[in-house]
Amino acid sequence: MQKWVAELKEKTGRSLDEWVEFIRKSGPATETARRDWLKARHKLGTNSAWWLAERAEGKGGEEDTPEKYLAIAPQYVAEQYSGKKEALRPIYDQLLELAASLAPDVKACPCKTMVPLYRNHVFAQIKPTTNTRVDLGLSLTHYKGKLPNRLIDTGGAAKKDRITHRIELSEPAQIDADVRKWLKIAYDLDG
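Residues numbered from 1 in each chain as written. Predicted model: local features only at pLDDT ≥ 70, side-chain atom pairs only at ≥ 80, totals over all residues. Heavy atoms only, no water.

Brief notes about the overall build of the chain
Piece 1. Scanning the chain for helices and strands turns up eight helices and six strands.
Piece 2. Viewed in the frame of its principal axes, the chain has a C-alpha envelope of about 50 × 40 × 30 Å.
Piece 3. Looking at the chain residue by residue over its 191 residues, the buried ones come to 37%.
Piece 4. Partitioning the contacts of the chain with sequence separation of at least 6, the portion at a separation of at least 24 is 53%.
Piece 5. On the chain, roughly 10,800 Å² of surface is accessible, and the fraction owed to carbon and sulfur atoms is 52%.
Piece 6. Computing the positive centroid from 32 side-chain charges and the negative centroid from 27, the chain places the two 5 Å apart. (Helix = DSSP H or I, 4+ residues; strand = E, 2+ residues; numbered from the N terminus. Buried < 20%, exposed > 50% of the residue type's maximum accessible area, 1.4 Å probe, protein only. Contact = heavy atoms within 4.5 Å. Areas by Shrake-Rupley, 256 points an atom, 1.4 Å probe, with all protein chains shown as cover. Lys, Arg positive; Asp, Glu negative; His and termini not counted. Charge placed at Lys NZ, Arg CZ, Asp CG, Glu CD.)

Looking at the sheet that holds strand 5 (residues 152–153)
Piece 1. Within the open sheet, the six strands sit side by side as 1-2-3-4-6-5. Their pairing is antiparallel. Since the sheet does not close on itself, it has two edges, and those belong to strand 1 (107–108) and strand 5, each with one partner.
Piece 2. Running over the sheet, helix 6 (residues 89–102) touches strand 1, strand 2 (115–118), strand 3 (122–130), strand 4 (133–138) and strand 6 (165–169) and is turned about 175 degrees from strand 3. (Pairing = 2+ DSSP bridges. Axes fitted to C-alpha atoms, helices over the stretch in contact; angles between N-to-C directions.)

A word on the environment of D105
Piece 1. Among the secondary structure elements, D105 is positioned in the loop between helix 6 and strand 1.
Piece 2. For D105, a relative accessible area of 29% gives the class partly exposed.
Piece 3. Along the chain, D105 and R166 lie 61 residues apart, while their C-alpha atoms are 22 Å from each other.
Piece 4. Ignoring sequence-local partners within four residues, the contact set of D105 consists of Y118, R119 and Y187.

A look at the packing of aromatic side chains
Piece 1. With the rule as written, the count across this model stands at six aromatic pairs.
Piece 2. The structure contains a cluster of three or more aromatic residues connected by ring pairs, namely W19, F22 and W37.
Piece 3. When the ring centre of W19 is taken as reference, the NZ or CZ atom of R14 above it lies at 4.7 Å.
Piece 4. Geometry around F22 places R14 over its ring, the cationic atom sitting 3.8 Å from the centre. (Phe/Tyr/Trp six-rings, centres within 6.5 Å; stacked < 30°, edge-to-face > 60°. Lys NZ or Arg CZ within 6 Å of the ring centre and 35° of its normal.)

Observations regarding unusual backbone geometry
Piece 1. You will see that K43, though not glycine, has its phi angle at about 60 degrees, which is positive.
Piece 2. You can call K43 exposed: its relative accessible area is 69%.
Piece 3. A positive phi is found at K160, a non-glycine position, where the angle reads about 60 degrees.
Piece 4. Mapped onto the fold, K160 is located in the loop between helix 7 (156–159) and strand 6.

Thoughts on the side chain of S139
Piece 1. Take S139: it is sitting in the loop between strand 4 and strand 5.
Piece 2. Of the polar contacts made by the side chain of S139, one reaches the backbone oxygen of R162; its length is 3.0 Å.
Piece 3. Ignoring any residue separated from it by four or fewer positions in sequence, one finds S139 in contact with V122, F123, R162, I163, T164, A186 and L189. (Polar contact = N/O pair within 3.5 Å; in protein donor to acceptor, adjacent residues only side chain to side chain.)

Quick notes on the pattern of salt bridges
Piece 1. By the definition in use, this model includes 17 salt bridges.
Piece 2. Two residues, K112 and E54, come together in a salt bridge whose shortest N-O distance is 3.4 Å. Of this pair, K112 sits in the loop between strand 1 and strand 2 while E54 is found in helix 4 (residues 46–56), placing the two residues 58 residues apart along the sequence.
Piece 3. K112 sits in the partly exposed class, given a relative accessible area of 41%.
Piece 4. Notably, a salt bridge pairs K184 with D188, separated by 2.8 Å at the nearest N-O pair. A residue pair is termed a helical-turn pair when its members lie 3 or 4 positions apart in one helix, as K184 and D188 do in helix 8 (residues 177–189) at four residues.
Piece 5. Taking the relative accessible area as the measure of exposure, K184 reaches 31% and is therefore partly exposed.
Piece 6. Where salt bridges share partners, they join R133, D135, R166 and E168 into one cluster. (Salt bridge = Lys/Arg side-chain N within 4 Å of Asp/Glu carboxyl O.)

Okay, structure coming up:
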């Protein structure tokens, strides 16, 4: 988050404060409309549009420092797997353990709705998509070869999102050698 804030002006022509002021003055009234407006009119990526729309609403500052982020990150995961999604937590735990076993440079950075996995960039994400399913999203943009039916196209390549495919998981037993293989391929492609 700090890197994103530091590089925002260079990449977009506006600092965080300048974007917030601009959005409040010239943007649509709602956070959702602002996200769409930032993506469509200002060609910002999904994450940047989301974060800027949040900031214009006075939210999102809990991730501004490493200390604030580390304090809130476990809460993000706990909230993702609470209520009707509580039974999905073992799937998340097993996927996180699997990702960490790939290499020491794998980082998990929980957000409010998912947990992206990083090496140099996001190479995968763990997301409780429904009350009965976790999706393991994979960045396979540069994969050359045939993909099995188990890998569902997310439409990410067309939308210029990093996550291009997903594997649906409804129980920990579905995390098999095939899941490990594709997670490792996504990791290697980010090398």
